[in-house]
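# Structural features, examined
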Amino acid sequence: EKHIRVSPPKTSTSTSTMAKPKKFLNDPTNAVDEFISGLLLQYPNHLRKLANHHVLLHSSFANQEKSHHPNAKSVSLLSGGGSGHEPSHAGFIGRNMLSGAILGGIFASPSVSSILAAIRAVTLPTSQGGKGCLLIVKNYTGDRLNFGMACELANAEGLAVKMVVVADDCALERKKGITGARGVAGTVLVHKAAGGAAGEGMDLNAVVDVAEAVAEGVGSMGVALGAVTIPGAEEVNDRLADTNDEGENMMEIGLGIHGEAGLRQCSLMSCNEIAEEMLKSIQNYGREVDSEIVPLYKAGDELLVLVNNLGGTSNFEMSLLARSLVSQLEKEAGCKATRVLVGSFMTSFDMQGASVSILPLMGKSKDALSLIDADTDAPAWANVDAWTSGAIRPSGTEIDEVPGIASTESGTGTASLPPVLIDNFADVARTILASICKALIKAEPLLTKYDTIVGDGDCGMTMERGAKEISQRLESGTLRLNHPSQLFADLADAVSASMGGTSGILLELMFRKASTSLLSSTDAEGITSSDMAEAFQSGVEAVSFYGGAQEGSRTMLDALVPASAILSSGKGESAAANIGEAAKAARKGVDATAAMDCAEAGRSNYLSKEVLRGTPDPGAVAVAVVLEAMAPIL
């Protein structure tokens, strides 16, 4: 690995004054040390640092007594490279994966001395029963040379060490120089398969065979929407410009995990188009079989698909890309993606990009499948949720929605409703609702005026929409007026269908709570006006609980709470008679909001006291209008 030089600007979108990178950083020269310290804080029982080196080991190697040394039981696995690809490789230290990881500087190969020190720490001499050590190396010149030198030095010391090179990148032509394909995210699958083989007790040669089978079978391809800027850089890397000269958003196909140039830069494509481009490149690169190049996969193949976040892509976007990739592999290529892994496996700091690695599960790779599926405690590996049987994925079958009582054909569940002990309830309810709707429609200009000053100007129209919807349902006979619980539920439906916004959902919550509270009426004989007052209070409390505001917050609660208190203080039939006093209490609450200098909820919360003072809260005004419309009737 090596540091990537920042290329000069390529398009007219760049300016002479370059932006300075923003990173969570102290001193860049100490960044790798601090990173290691942070990992050790996160995994106090799982990891250990090797003294004098940027090397992390599994904690089982803390006991160097030969009789307890892990290498006396199984082959050790080491990998590593430049820092900046996290969680690779330290995140894959664990049972059935890596024994340790060697960390180089930022995008720089680790030193021979550190690699050799790591080998010594995890490998016993053959003469003492050591099972040997496998080095898994990405195909970069610096990594190959340094790991290779350490491998030979270790062999000279009597340690059995072998090395497997992973070159899974399909972005470059096969005959482009002697360097060969780069090692990218497919390397993690080699870690997992070889680790599983070591965990099963296979000898070093067998573990090497498994690692080589997966390394030769996997193909990868990356894309990015922006280049990577390394910590400590003086300028943002603008090699991949945001837009071209025509103002089109740009992306790059086939770039490397250090930001190296890929196949080409092009206009930004959709997820489906990106997936098609990635898969076409992988298929064209293919794999070698009997000295011939054939497509990597064919119809009928089972595949493991690893969709890798290159560091700065949201989880949401990663799932979109994964869907596009798997959909095309299955519907168009006729394959079966039995294992789909999505996440951060091998990143490039904050690069906004992604890669896909595809491993056809055939031949030796299929034999390695149980090893890939084996459990591990490596922190960065999530155990595979495999699709192992059936014509379709279990997750592709939806769970049937359970209908609510109101949605069933029987309709109401009237047998469970408590009786109504209020005289002429249906007639009175009809008259009250008609009066309320008329009053709210008439009040629309005033509510709009107030909300234009202290809100977003829609309160009047929102209340008017709700009133017109309720009025229409009242006239059409779709409101169930005979029982208050059913009526409140229907009012909630009407509000939900018409009002929208915060006030709409709050009023819907109030009506639904009032409805359900009446179903558990404390009066053994049936629902009285006192129960109605208590239901109203429950609805008001729901508005406060779910909305988070309270009396004094400069909201509709400044009218609802005092009105509820008046109604709840009444006994028996007197509760209905208190409606006039409740309306007065609500109006007093409205006046109080006009004197408040601040609001604790709603859009009024954003306004200064100079704007708020003198204007009442429109939601509270609407509550007062409703209660004042009810008072003459009751």
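All values reported here derive from a predicted model rather than from experimental measurement. (Residues numbered from 1 in each chain as written. Predicted model: local features only at pLDDT ≥ 70, side-chain atom pairs only at ≥ 80, totals over all residues. Heavy atoms only, no water.)

### Looking at the overall build of the chain
Where we set the bar: In this description a helix means any DSSP run of H or I spanning at least four residues, a strand means any run of E spanning at least two, and both kinds are numbered starting from the N terminus. For this analysis, residues touch if any pair of their heavy atoms sits within 4.5 Å. Charged-residue counts in this description rest on Lys and Arg as positive and Asp and Glu as negative, His and the chain ends being excluded. All charge positions are set by atom: Lys at NZ, Arg at CZ, Asp at CG, Glu at CD.
Assigned secondary structure in the chain consists of 20 helices and 14 strands. Across its three principal directions, the C-alpha atoms of the chain cover 100 × 60 × 50 Å. Partitioning the contacts of the chain with sequence separation of at least 6, the portion at a separation of at least 24 is 72%. Taking the average place of the 51 positive charges on the side chains of the chain and the average place of its 74 negative ones, the gap between the two points comes to 4 Å.

### Here we look at the pattern of salt bridges
Operational definition: The salt bridge criterion pairs a side-chain nitrogen of Lys or Arg with a carboxyl oxygen of Asp or Glu, the two atoms within 4 Å. Three exposure classes are used, based on accessible area relative to the maximum for each residue type with a 1.4 Å probe and protein chains only: buried under 20%, partly exposed in between, and exposed over 50%.
Using the criterion set out here, one finds 18 salt bridges in the structure. With a shortest N-O distance of 2.7 Å, R182 and D169 are connected by a salt bridge. With R182 in the loop between β6 (161–166) and α4 (187–199) and D169 in the loop between β6 and α4, the pair connects residues that are 13 residues apart, well separated along the chain. Overall, R182 belongs to the buried group, its relative accessible area being 7%. Of the residues examined, D169 reaches a relative accessible area of 2% and is grouped as buried. For R393, the salt bridge goes to E330, with nearest N and O atoms at 2.5 Å. Taken together, the residues span a long stretch of sequence, with R393 in the loop between α9 (369–373) and α10 (425–442) and E330 in helix α7 (residues 315–332) at a distance of 63 residues.

### Some points on the environment of P21
Mapped onto the elements, P21 comes out in the segment before α1 (31–42). Between the C-alpha atom of P21 and that of T376, which follows or precedes it by 355 residues, the distance is 37 Å. Contacts of P21, omitting those with residues within four sequence positions, involve T229, A233, E234, E235 and V236.

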